[in-house]
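For reference, the chains in residue letters:
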Amino acid sequence: MPTSTSNMDKLEASLLDRSTPLDNRFRTLFTIKGLATSSDDHLARAIQIISKGFSDDSALLKHELAYVLGQLEDVRALPVLRSVLSDLGQEVMVRHEAAEAMGAISCPSSLPILNEYLNDVDVSVRETCQLAIQKIEFDNTQKGKEIRQRNKLAKSENKIGDVEAAFAPIDPAPAMSSSEAALAAAAALEADSKDQDDSSSSSFTLESLPKFRSVYLDPSLSLFERYRAMFSLRNVAHSGGREAAREAVLCLAEGLKDSSALFRHEICFVFGELCHPASIPSMLDVLNDEKEHEMVRHEAAEALGGIVEESSQEGEASKDGFQNVFDSLKRWAEDMECPRVVRESCVVALDEMAYNNDPNQFQRVEV
Ligand SMILES: [Fe+2]
Ligand SMILES: [Fe+2]
């Protein structure tokens, strides 16, 4: 049944009302995102509503608004994203997400502004612009076009078996095949690769994990190639079977020692997608480390919010592990000394836990 304009008006009022609790505003945003896919009118209206939210005082909400605009994959969102990236008054995390969203929309008209901010004062913004440029350039190669076309088709046909399409979000870099990983690693060693295996989704196996690992952990390679290997490892975790999943998650966790906060925050984001119990110890370490970059701690909090109690089937997220997650999230949600974006992420994560588990166990945390 079509959604009436008045429904969209109500959603707009709820999203933009600063007195509404943040977790409710997040749910409203996801409702708007869902409705945007139902018709072009709704899509246009959704972009218009979301664009009005950038004067809010919550960086967490604004970065999510930018993220959603990217995921809607529509060029009508580009003007507001450009203005957010150029606004030095916006928080770094929000500007980063605006640049990443331009990468997701993948229109070559974004290249000039992304090039301009390659010299930004903030390293995470610079790195994001570099990634977005490389993604847009890659997407517009023959191979990139084929991958995007295949993903779009698989998504529209809802082919869950297709690994590259199984994850709905548009990744900031496309996963690489094991043969591409071998080539990248060989190029780093200035040697020829003899690896000739195919580039299909069949390469996301336990056997190909070492190839992805060597690219993923090699600081001499570009962030774009290392991101590609990261998403390949995610695909291994998703589709390579139980043993591969655990190995891939532990391998991904090794990347948390990297010097780039952007790289570390993306690992936490991937853990949020996977919700694998083997990621809990490393995500708790990140969240509880007060010296860690707030953008990374924020993603760790959100990743922990997705962990469900049933994950104890893996034998790793025992009741104790689950309780530790809850206790840490609650601790930082209530700590007024904690950076606001981390605190708010914990509130949203607790809401998600309550939603995914028994709501009777949880009480809203007021901040
Ligand atoms: Fe991000
Ligand atoms: Fe985030």
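Residues numbered from 1 in each chain as written. Chains lettered and ligands numbered in written order. Predicted model: local features only at pLDDT ≥ 70, side-chain atom pairs only at ≥ 80, totals over all residues. Heavy atoms only, no water.

Considering the overall build of the protein chain
- Within the protein chain one finds 19 helices and zero strands.
- Looking at the protein chain as a whole, 55% of its 367 residues are labelled buried.
- Pairs at least 24 apart in sequence give 67% of the contacts found in the protein chain among residues at least 6 apart. (Helix = DSSP H or I, 4+ residues; strand = E, 2+ residues; numbered from the N terminus. Buried < 20%, exposed > 50% of the residue type's maximum accessible area, 1.4 Å probe, protein only. Contact = heavy atoms within 4.5 Å.)

Comments concerning the coordination of the iron ion (ligand 1)
- Bound to the iron ion (ligand 1) on the protein side are His96 (NE2), Glu97 (OE) and His265 (NE2), at distances that span 2.2 to 2.7 Å.
- Read in sequence order, the donor residues for the iron ion (ligand 1) give the motif H-E-x167-H.
- Metal-to-metal, the separation of the iron ion (ligand 1) and the iron ion (ligand 2) is 4.4 Å. Remark: His265 occurs in helix α15 (residues 261-274) and His96 occurs in helix α6 (residues 92-105); sequence separation between them is 169 residues. Each member of the pair, His96 as well as His265, is classed as buried. (Donors = N, O, S within 2.8 Å, 3.2 Å for Na, K, Ca; no water.)

Details of the packing of helix α2 (residues 22-36) against helix α4 (residues 59-71)
- α4 packs onto α2 with a crossing angle of 10 degrees between their chain directions and a minimal axis gap of 11 Å. Judged by the angle between their axes, α2 and α4 are roughly parallel. Where α2 abuts α4, its residues Leu22, Arg25, Phe26, Leu29, Phe30 and Lys33 lie against Leu60, Leu61, Glu64, Leu65, Val68 and Gln71. (Axes fitted to C-alpha atoms, helices over the stretch in contact; angles between N-to-C directions. Parallel < 35°, antiparallel > 145°, perpendicular 65-115°, else oblique.)

Section: α15
- With 14 residues, α15 ought to run about 20 Å at 1.5 Å a step, and its terminal C-alpha atoms sit 20 Å apart, in line with that.
- Judged by how many residues are buried, α15 sits mostly within the fold: 12 of 14 residues are covered.
- Regarding α15, the residues found buried are Ala261, Leu262, Phe263, Arg264, His265, Glu266, Ile267, Cys268, Val270, Phe271, Glu273 and Leu274.
- The N-terminus of α15 is capped by Ser260, whose side-chain oxygen sits 3.3 Å from the backbone nitrogen of Leu262.
- With its phi angle positive at about 50 degrees, Cys275 sits one or two positions after the end of α15. (Expected span 1.5 Å × (residues − 1). Polar contact = N/O pair within 3.5 Å; in protein donor to acceptor, adjacent residues only side chain to side chain.)

Here we look at the coordination of the iron ion (ligand 2)
- At this site the iron ion (ligand 2) is bound by His63 (NE2), His298 (NE2) and Glu299 (OE), with donor distances of 2.0 to 2.2 Å.
- Between the donor residues of the iron ion (ligand 2), the gaps in sequence give the motif H-x234-H-E.

Side note on the packing of aromatic side chains
- Overall, the coordinates contain seven aromatic pairs when judged by the stated rule.
- Arranged with centres 6.2 Å apart and planes meeting at 55 degrees, the rings of Tyr227 and Phe263 form a pair that is tilted. Taken as a pair, Tyr227 in helix α13 (residues 223-239) and Phe263 in helix α15 lie far apart in primary sequence, 36 residues in all. For the residue pair Tyr227 and Phe263, the accessibility class agrees, reading buried in each case. (Phe/Tyr/Trp six-rings, centres within 6.5 Å; stacked < 30°, edge-to-face > 60°.)

Remarks on the state of the cysteines
- Here the structure, examined in full by the defined rule, presents zero disulfides.
- Note on Cys346: no disulfide assigned, nearest cysteine sulfur contributed by Cys338 at a separation of 6.1 Å. (Disulfide = S-S within 2.5 Å.)

Description of helix α12 (residues 209-216)
- When we look at burial in α12, the residues that qualify are Leu209, Phe212, Val215 and Tyr216. The arc that holds the buried residues of α12, viewed along the axis, is 130 degrees, so those residues lie on one side. (Arc of directions from axis to C-beta.)

Keep in mind these numbers describe shape, not what the thing actually does.
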